[in-house]
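Read off the chains here:
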Amino acid sequence: MAAGGGSSRALLALRVLLLCALAAAAATILVPLATSPCARSLSRSILAATGLDPYLLFCAGGDASGGAPLLSQGGGANGTGRGAARAVVTDQRCVRGKFPPDALPPLQCCPPASASEPVNFTLPDPAEPLRTRRPVHAVGAEYMAKYARAVALMKALPRSDPRSFYQQANVHCAYCTGSHRQAGRPDLGVQIHFSWLFFPFHRAYLYFFERIAAKLLGEPGFALPVWTWDVPEGMGIPEVFADEASPLYDPIREPSHAPPKVADLDYILGGGGEKNLTDEQQILHNFRVMYKQMISGATLPSLFLGQPYRAGDPEMPGAGTVEWIPHNTMHLWTGDNSRPNAENMGVYYSAGRDPIFYPHHANIDRLWESWRGIVGGRRRADFADPDWLDSSFLLYDEEARLVRITVRDVLDIGKLRYAYAGAGLPWLNARPPVTPGVNPRGGRLASVSFPVSLDAAVTAEVRRPPPGARRRRSLQEEQAREEEVLMVEGIEADAADFVRFDVYVNAREYRKVPPGGREMAGTFATLKHPGKEGTVVRTSMTVALGELLEDLGAEGDDSVTVTLVPVRGKVRIGGLKIVYMAE
Ligand code: C2O
């Protein structure tokens, strides 16, 4: 089925388009839990997948999905002339969201109503001073006192002021509890986790938070400090946040993780979650986690940024590597583990109430910028999909004006007049070691019939795309990247628990793999999240295989042994497949 290299591009596209309809139909039959990967989870991809029948798929931003009908969108906010435009556009309408049981009040987080219509975002004056965001551990006490003062000033504003700390914390709550509605879709909320909206939403949110802080301080150049938990000097809660007299202190944090405890970027919440490593071992482990999430696992936009999420789609199609870990895990590590929902940081609705949230997310934002830089010696590109670029959020600015800001608006931090400095990427070369003697292949395995409840570890043999497909070059732009990807589809996780499972490749004796070992290919880790249906988070997970199989000496194999290991909570898996993706 692999197309020959000499055919003209147009002809190829036509052939592949024809195949797509067939393939989408096949996918629906073979993987009943997941909707067509084109419609549901993959963008602009060329896929050669194995299943009962190998098939090829070409998905151009939903245009050729052959799957779900495209929903038309009310209003003109999506650009003109593209009937199929499906950007998620935030509406001013806001309703009471979904909270987990035992949530701490307030249980309503919609912003104050705006007297006037939202204004469209405009870039700051290029003559504005550049705000340089530096690590907490490097800026010094005086600078941190400024951040503390800014938080105190925000806390002193009346709660009705959208710039108050109370309302700023609520912003995050509103965008994760389904409070904000989608324009033209009053039945659907805007969800900014577990999809390609994760990085841009949090960037826009921090942009305004920082400007509000600067305005209140009367210091136009004020920049947020960054909690650089990926470098040894920042790997723990910075002292100043643990000072009970400081406005940066939050009493609702995990007491056993107070400084000088070294953070575990891969933290497993609950009994037995502490790895009890020495500080040196923990730091090395953290470096390997960073390497996997930032480099070997993040070779394509969707693998890093998260899966496409368009207007009308089910929410939470799938997170990118860094959102699972260390983002979610550092939320859990920081929150009070003895509380039912690990407040404040360990659950979405309350995370913004802890002043450490903003420096935490500044680090996430810095990692996005690093990924786009020279990570892995190769420049990574963001999505070019108009549905991503045109997605928009409503946020109040430093003048308390309601602003509509799009993903397109936040892609160039220089134009937003800020930069990152003062922290390196010490994990750049922390390529994890292969573990000897873990029985990578062995004899035939009993077949697994999906969907399967992950009550115990499940090991399955997953066929790889045929060698012809593996060698395919991209049919799209010259700079398109390709990757062989394991897709864990149709995941149904208990929304009322912190669910975690790990994915091992070619390690039937996975228990022998030490933390950070190469065979540990990915981790699924959620915070509690009452979804639309209240009880289940439906999502997917993607794991890059290219460098991993190379390191395991398995590039020539026809199949891969995948072991899914439950760590916490109830979860069901719809299916496993390996596809070849180009974006
Ligand atoms: Cu919106 Cu760190 O979560």
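The name an unreviewed UniProt entry assigns to the protein is Tyrosinase copper-binding domain-containing protein, from the organism Panicum hallii. Checking UniProt for the protein, the heading Sequence similarities (unreviewed entry) contains the comment "Belongs to the tyrosinase family."

The next subject is the packing of helix α6 (residues 198-217) against helix α11 (residues 357-372). Running from N to C, α6 and α11 cross one another at 125°; their axes reach a closest spacing of 10 Å. For the element pair α6 / α11, the angle class is oblique. The handedness of the crossing between α6 and α11 is left-handed. Taken together, the residues of α11 that come into contact with α6 (itself represented by Phe198, Phe199, Pro200, His202, Arg203, Tyr205, Leu206 and Phe209) are Phe357, Tyr358, His361, Ala362, Ile364, Asp365, Trp368, Glu369 and Arg372. A breakdown of the residues in the contact of α6 with α11 according to their chemical character gives 11 nonpolar, two polar and four charged.

All right, on to unusual backbone geometry then. Cis peptide bonds are those with omega within 30 degrees of zero, and the linkage from Pro259 to Pro260 qualifies with 10°. Structurally, Pro260 is set in the loop between α6 and α7 (279-296). Looking along the chain, the bond that leaves Glu343 and enters Asn344 is cis, with omega of -10°. Of note, Ala400 is a non-glycine position whose phi angle comes to about 65°, a positive value. Here Ala400 is to be found in the loop between β8 (392-396) and β9 (402-406). What makes Ala400 partly exposed here is its relative accessible area of 28%. Residue Asn506 is not a glycine yet carries a positive backbone phi of 50°. Looking at the secondary structure, you find Asn506 in the loop between β14 (500-505) and β15 (520-525).

Here, the residues flagged by UniProt with the feature "binding site: Cu cation B" (unreviewed entry) are His327, His331 and His361. Taken along the chain, the residues just named run across 35 residues; in space they keep tight, none of their C-alpha pairs more than 10.2 Å apart. With respect to the helices, strands and loops of the structure, His331 is situated in helix α9 (residues 321-334). When its relative accessible area of 1% is taken as the criterion, His331 is described as buried. In this structure, His331 is in contact with Met345, Gly346, Ala351, Phe357, His360, His361 and Leu527, ignoring residues within four places of it in sequence. With respect to the helices, strands and loops of the structure, His361 is situated in helix α11. A residue is classified by how much of its surface remains accessible, and His361, at 1% relative accessible area, is buried. Sequence-distant contacts of His361, that is, excluding residues within four places in its chain, are made with Phe198, His202, Leu206, His327 and His331. Only 3.1 Å separates the side chain of His361 from the side chain of His327, close enough to count as a polar contact.

What counts, and at which threshold
- Within every chain, residues take consecutive numbers counted from 1 along the sequence as written.
- Two thresholds apply to this predicted model, a pLDDT of at least 70 for residue-level local features and 80 or more for giving and counting side-chain atom pairs, whereas whole-chain, interface and lining totals are computed over all residues.
- In computing side-chain values, all of the structure's heavy atoms are included and hydrogens and water are not.
- UniProt positions are given in the numbering used here, feature names are shortened, and annotations may be inferred rather than shown by experiment.
- Only the contacting stretch of a helix is used when fitting its axis, a line to C-alpha atoms as for every element, and angles between N-to-C directions run 0 to 180 degrees.
- Numbering of helices and strands runs from the N terminus, with a helix taken as a DSSP run of H or I at least four residues long and a strand as a DSSP run of E at least two residues long.
- When an angle is under 35 degrees it counts as roughly parallel; over 145 it counts as roughly antiparallel; between 65 and 115 it counts as roughly perpendicular; any other value is oblique.
- By definition, turning the near helix anticlockwise from the far helix through less than a right angle yields a left-handed crossing, and turning it clockwise yields a right-handed one.
- Residue contacts follow a heavy-atom distance rule, with two residues in contact if any of their heavy atoms lie within 4.5 Å.
- Here the term charged refers only to Asp, Glu, Lys and Arg, the term nonpolar to Ala, Val, Leu, Ile, Met, Phe, Trp, Tyr, Cys and Pro, and the term polar to all other amino acids, Gly among them.
- Any residue under 20% of the maximum accessible area for its type is buried, any over 50% is exposed, and the rest in between are partly exposed; the area is computed with a 1.4 Å probe on protein chains only.
- For the purposes of these results, a polar contact is taken to be a pair of N or O atoms within 3.5 Å, where, inside protein, one atom must be able to donate a hydrogen and its partner to accept one; residues adjacent in sequence count only when each atom of the pair is a side-chain atom.

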